[in-house]
Amino acid sequence: MFADAGLFALDSNRDSSMKISLVTPCFQASRYIAETIESVLSQDHTDIEYWIIDGGSTDGTQDIIQKYEGDSRLRWLSEKDAGQSDALNKGLQRCTGDVFNWINADDAFTPGALRAVADAFAVSQADIVSGQTLEFSESNPAETSLCQLPLRKSAEETICRGIYCQPSTFWRLKIIREFGGVNPDLHYVMDWHMWVRYLTQYGQQKVLKKPETWARFRKHETSKSMTAEQGFHAEALAVFRKLIDDLGAGDAVPFHEGELGGVPAKLTLPDFQFGPHFQRERFLGAYCDRVMGRLYRKQLYADAARWLALAKKLDPHLSWSRMKMGWRLRRKQ
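Residues numbered from 1 in each chain as written. Predicted model: local features only at pLDDT ≥ 70, side-chain atom pairs only at ≥ 80, totals over all residues. Heavy atoms only, no water.

Peer 1: Please set out the overall build of the protein chain residue by residue, giving values where relevant.
Peer 2: The secondary structure content of the protein chain amounts to twelve helices and nine strands. By the compact-globule yardstick of 20 Å for 333 residues, the protein chain fits well, its C-alpha radius of gyration being 21 Å. The 333 residues of the protein chain split such that 53% are buried. A fraction of 80% describes how many contacts in the protein chain between residues 6 or more apart in sequence connect residues 24 or more apart. Carbon and sulfur atoms make up 49% of the accessible area of the protein chain, which totals about 15200 Å². Here the protein chain contributes 42 positively and 43 negatively charged side chains, and the mean placements of these two sets differ by 8 Å. (Helix = DSSP H or I, 4+ residues; strand = E, 2+ residues; numbered from the N terminus. Rg over C-alpha atoms; globule rule 2.2 N^0.38 Å. Buried < 20%, exposed > 50% of the residue type's maximum accessible area, 1.4 Å probe, protein only. Contact = heavy atoms within 4.5 Å. Areas by Shrake-Rupley, 256 points an atom, 1.4 Å probe, with all protein chains shown as cover. Lys, Arg positive; Asp, Glu negative; His and termini not counted. Charge placed at Lys NZ, Arg CZ, Asp CG, Glu CD.)

Spelled out as structure tokens, the structure:
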């Protein structure tokens, strides 16, 4: 799951200075953006550049941003855009640091987070360093949970987990530039899509997880994660469909999660690049396992059994999770 210890050993010849580039895309964000800005500018790691890309807010957001113009690390622009991904790419074009992440205008970094990020990159060869994100409900701040980047035994299985922990996951900027930024046609899963592109091309050996909490993610009634569940699902299905097609597996996997009630978004996505590590059959088996589990939770046991058989056909290895699912299905049928 993780790279060997040598990958993350201290490189005594490496410059410990790490410039971190951050972007906040925003629109009509006056309710929370001051907290976001202060969480960045109050960090004890000061080698940062911070771009705020506003989509032409009229609710006082710009007045709040202007209050922080005295800090030379913060720069901003305000103009109409095509959504969050477009705003992120505008910020990316202006970034000059070693490390990159974005922080949305209703989230915040925890104290000391950027220092820990810079230190982790400075002493490792990691492409991606990820901490934990504390998720909390605005209506009930005591209702919290921790989100962490899920790494399974292989990149193929990690992709099929379908989760990405964006606020506390930082990248070397050169990797993001190599990908050309985030896909502007994606409005919901642009971060996870970039993660999948990385895993197919490079695997997960240069991904370093840390146990510290680096960000706070606010759940509230107007956030996209709370109001646009169907949009997230449709775009995720489109990414999976594109990945399966690029593997030439449309015939090998004749079904699709659409039978669960989802409809893939109509998108034109770039072709996936597959590194030498990537195992086609292992991914297809893991994808079938994913669909099988969802069908089982919907109590569609006959369909789940069909997907289990397909998973075994595509990737014959017998995992403990498959054995358990087989026992459960036999009891249900």
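Peer 1: Go over the pattern of salt bridges with me, naming the residues and quoting the values.
Peer 2: Per the counting criterion, the structure on display carries 14 salt bridges. The closest approach of N and O atoms between Arg 241 and Asp 245, which form a salt bridge, is 3.4 Å. Placement of the pair is Arg 241 and Asp 245 together in helix H9 (residues 229-246), with a separation of four residues, close to one helical turn. Of the residues examined, Asp 245 reaches a relative accessible area of 42% and is grouped as partly exposed. For Asp 315, the salt bridge identified is with Arg 322, shortest N-O distance 3.8 Å. One salt-bridge network, held together by shared partners, links Glu 35, Arg 216 and Arg 218. (Salt bridge = Lys/Arg side-chain N within 4 Å of Asp/Glu carboxyl O.)

Peer 1: Could you give an account of the pairing of strand E9 (residues 207-219), naming the residues involved and the relevant values?
Peer 2: Pairing geometry for strand E5 (residues 108-109) and E9, over two bridges, is antiparallel. Bridging across to E9, Ala 108 finds its partner in Arg 216. One ladder, built from nine bridges, connects strand E6 (residues 128-137) with E9; its direction is parallel. Note on E9: the bridge partner recorded for Ser 130 is Lys 209. (Pairing = 2+ DSSP bridges.)

Peer 1: Lay out the side chain of Ser 21 in plain terms, naming residues and giving numbers.
Peer 2: With respect to the helices and strands, the residue Ser 21 is situated in strand E1 (residues 20-26). Here Ser 21 falls in the buried class, since its relative accessible area comes to 0%. For Ser 21, the side chain forms a polar contact with the main-chain nitrogen of Gly 97, separated by 2.9 Å. Discounting chain neighbours no more than four positions away, the residues touching Ser 21 are Glu 49, Cys 95, Thr 96, Gly 97, Val 99, Phe 100 and Asn 101. (Polar contact = N/O pair within 3.5 Å; in protein donor to acceptor, adjacent residues only side chain to side chain.)

Peer 1: Explain the state of the cysteines to me, and be specific about the residues and the numbers.
Peer 2: In total, this model carries zero disulfides according to the counting rule given. Cys 288 provides the cysteine sulfur closest to Cys 160, a residue in no disulfide bond, and the two sulfurs are 8.7 Å apart. Considering cysteine sulfurs only, Cys 147 is the nearest to Cys 165, which forms no disulfide, with 3.0 Å between them. (Disulfide = S-S within 2.5 Å.)

Peer 1: If you had to explain the environment of Thr 169 to someone new, which residues and values would you point to?
Peer 2: Looking at the element boundaries, Thr 169 is found in strand E8 (residues 169-172). Taking the C-alpha atoms as reference, Thr 169 lies 40 Å from Lys 332; in sequence the two are 163 residues apart. Beyond its immediate sequence surroundings of up to four residues, Thr 169 is in contact with Asn 101, Ile 128, Val 129, Ser 130, Leu 149 and Tyr 164. Engagement of the side chain of Thr 169 in a polar contact is seen with the side chain of Ser 130, the distance being 2.8 Å.

Peer 1: Outline the nonpolar core, listing residues and values.
Peer 2: Membership of the largest hydrophobic core comes to 63 residues, with the highest contact counts inside it found for Trp 171, Trp 192, Trp 195, Tyr 198, Phe 283, Tyr 287 and Trp 307. Top contributing element to this core by residue count: helix H10 (residues 280-297), with nine residues. In this structure, Ala 118, Phe 121, Ala 122 and Leu 208 belong to the second largest nonpolar core, which totals 33 residues. (Core = buried A, V, L, I, M, F, W, Y, C linked by side-chain atoms within 4.5 Å.)

Peer 1: An account of the confidence of the model for the protein chain is needed here, citing residue identities and associated values.
Peer 2: Per-residue confidence for the protein chain gives a mean pLDDT of 91; residues scoring 70 or more make up 92%. Across residues 1-15, where pLDDT falls below 50, the model places 30 contacts with residues more than four positions away in sequence or in other chains. (pLDDT = per-residue confidence, 0-100.)

Peer 1: Go over the packing of aromatic side chains with me, naming the residues and quoting the values.
Peer 2: For the coordinates displayed, the defined rule picks out 17 aromatic pairs. Ring plane angle 75° and centroid distance 6.5 Å describe the contact between Trp 171 and Phe 179, whose orientation is recorded as edge-to-face. One exposure class covers both Trp 171 and Phe 179, and it is buried. It is Arg 94 that lies over the ring of Trp 51; its NZ or CZ is 5.8 Å from the centre. Here the basic side chain of Arg 216 rests over the ring of Phe 136, its NZ or CZ set 4.3 Å away from the ring centre. (Phe/Tyr/Trp six-rings, centres within 6.5 Å; stacked < 30°, edge-to-face > 60°. Lys NZ or Arg CZ within 6 Å of the ring centre and 35° of its normal.)

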